[in-house]
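Secondary and tertiary structure notes
One letter stands for each residue in the lines below.
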Amino acid sequence: DAGITQSPRHKVTETGTPVTLRCHQTENHRYMYWYRQDPGHGLRLIHYSYGVKDTDKGEVSDGYSVSRSKTEDFLLTLESATSSQTSVYFCAISESWTSGSYQQYFGPGTRLTVT
Amino acid sequence: AQSVTQPDIHITVSEGASLELRCNYSYGATPYLFWYVQSPGQGLQLLLKYFSGDTLVQGIKGFEAEFKRSQSSFNLRKPSVHWSDAAEYFCAVGGSNNAGNMLTFGGGTRLMVKP
């Protein structure tokens with residue numbers, strides 16, 4: 001299994017509070033991703049990173065920000081949590097597809113509940 | 001824009017029966033196609049992937065998938081289902097013109113296995 005950890009694994013927070021989720025990898029992969037998983041929607045991309053300090057928005061980025069100050073860590077911040085952000089959040093990593101790997105590896109997920 | 005449709009939200013099969021899960025994609029260039037499986041409370045595990053070559057791809061756990069460009073499909077099959085195959089299955093598409101190595105996921109198909 002790829003070395004990906006997410007913390008915390010479970011969190012309950014109140015509406016309006018900031019929340020930061022952490023993804024840590026030991027694979028030295030260039031690309032890192034944050035997805036949210038909701039019933040019927042599969043996984044939707046929030047933000048991704050293609051290198052240290054290099055990030056871009058995904059499909060559902062409103063209300064989220066990210067930072068990557070080191071290759072191994074990718075942080076997702078909910079600036080002011082809302083109930084619509086209750087979800088399961090997955091981090092993923094990948095090498096450049098020019099390396100021939102052609103896949104993403106997923107972390108175990110973080111279940112976030114906003115009350 | 002790229003998209004993936006999994007027409008079947010739920011499928012129930014008897015143990016030992018054959019299985020086919022449908023996936024249709026839309027992508028403007030050469031697609032890279034993936035099937036992932038998610039057991040309850042777990043992250044996503046790659047079953048198989050297609051990026052070029054033989055259109056019939058073999059994966060782990062006895063699964064296979066066939067890429068049909070003319071039908072924009074990448075259906076997943078297994079000749080004999082085991083109770084441990086009960087899980088949610090996700091089809092995803094990415095591709096060679098995708099600078100961020102991003103994947104777009106379908107909404108998922110939940111497989112239930114009857115004894």
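Refer to the structure above for everything that follows.
This report concerns the structure included in the present document. This structure is a prediction, so every number in the text was calculated from the model and none was measured.

Here the focus is the nonpolar core. Burial of nonpolar side chains together is a common tendency in soluble globular proteins. Counting residues in hydrophobic clusters, the biggest one holds 27 residues, and the most contacted among them are B:L19, B:W35, B:L47, B:L48, B:F74, B:L76 and B:Y89. Counting only elements with at least two residues in this core, the list comes to β2 (10-14), β3 (19-21), β5 (31-38), β6 (44-50), β8 (64-68), β9 (73-78), β10 (87-95) and β12 (109-114) of chain B. When residues of this core are assigned to their parent elements, the largest contribution, 4 residues, is made by β10(B). Not counting residues within four places of it along the chain, the set of residues in contact with B:F74 comprises B:C23, B:L33, B:F34, B:W35, B:L48, B:Y50, B:A65, B:E66 and B:F67. In terms of nonpolar packing, the next biggest core, distinct from the first, is built from 20 residues, A:L43, A:F106, B:Y36 and B:F90 among them.

Moving on to the state of the cysteines. The tally for this structure, following the rule as stated, stands at 2 disulfides over all chains. Two residues, A:C23 and A:C91, share a disulfide whose sulfurs are 1.9 Å apart. Looking down the S-S bond of the A:C23 and A:C91 bridge, the torsion is -70°, so its handedness is left-handed. Taken as a pair, A:C23 in strand β3 (residues 19-25) and A:C91 in strand β9 (residues 87-94) lie far apart in primary sequence, 68 residues in all. A:C91 carries the same exposure label as A:C23, and that label is buried. Each disulfide pairs two cysteine sulfurs, and for B:C23 the partner residue is B:C91, the sulfurs being separated by 2.0 Å. Taking the sign of the torsion about the S-S bond as the criterion, the disulfide between B:C23 and B:C91, at about -65°, is left-handed. Here B:C91 lies in strand β10 and B:C23 lies in the loop between β3 and β4 (24-26), a separation of 68 residues in the sequence. The class of B:C23 is buried, set by a relative accessible area of 0%. By relative accessible area, which is 0% here, B:C91 ends up buried.

About the cut-offs
Residues numbered from 1 in each chain as written. Chains lettered and ligands numbered in written order. Predicted model: local features only at pLDDT ≥ 70, side-chain atom pairs only at ≥ 80, totals over all residues. Heavy atoms only, no water. Core = buried A, V, L, I, M, F, W, Y, C linked by side-chain atoms within 4.5 Å. Buried < 20%, exposed > 50% of the residue type's maximum accessible area, 1.4 Å probe, protein only. Helix = DSSP H or I, 4+ residues; strand = E, 2+ residues; numbered from the N terminus. Contact = heavy atoms within 4.5 Å. Disulfide = S-S within 2.5 Å.

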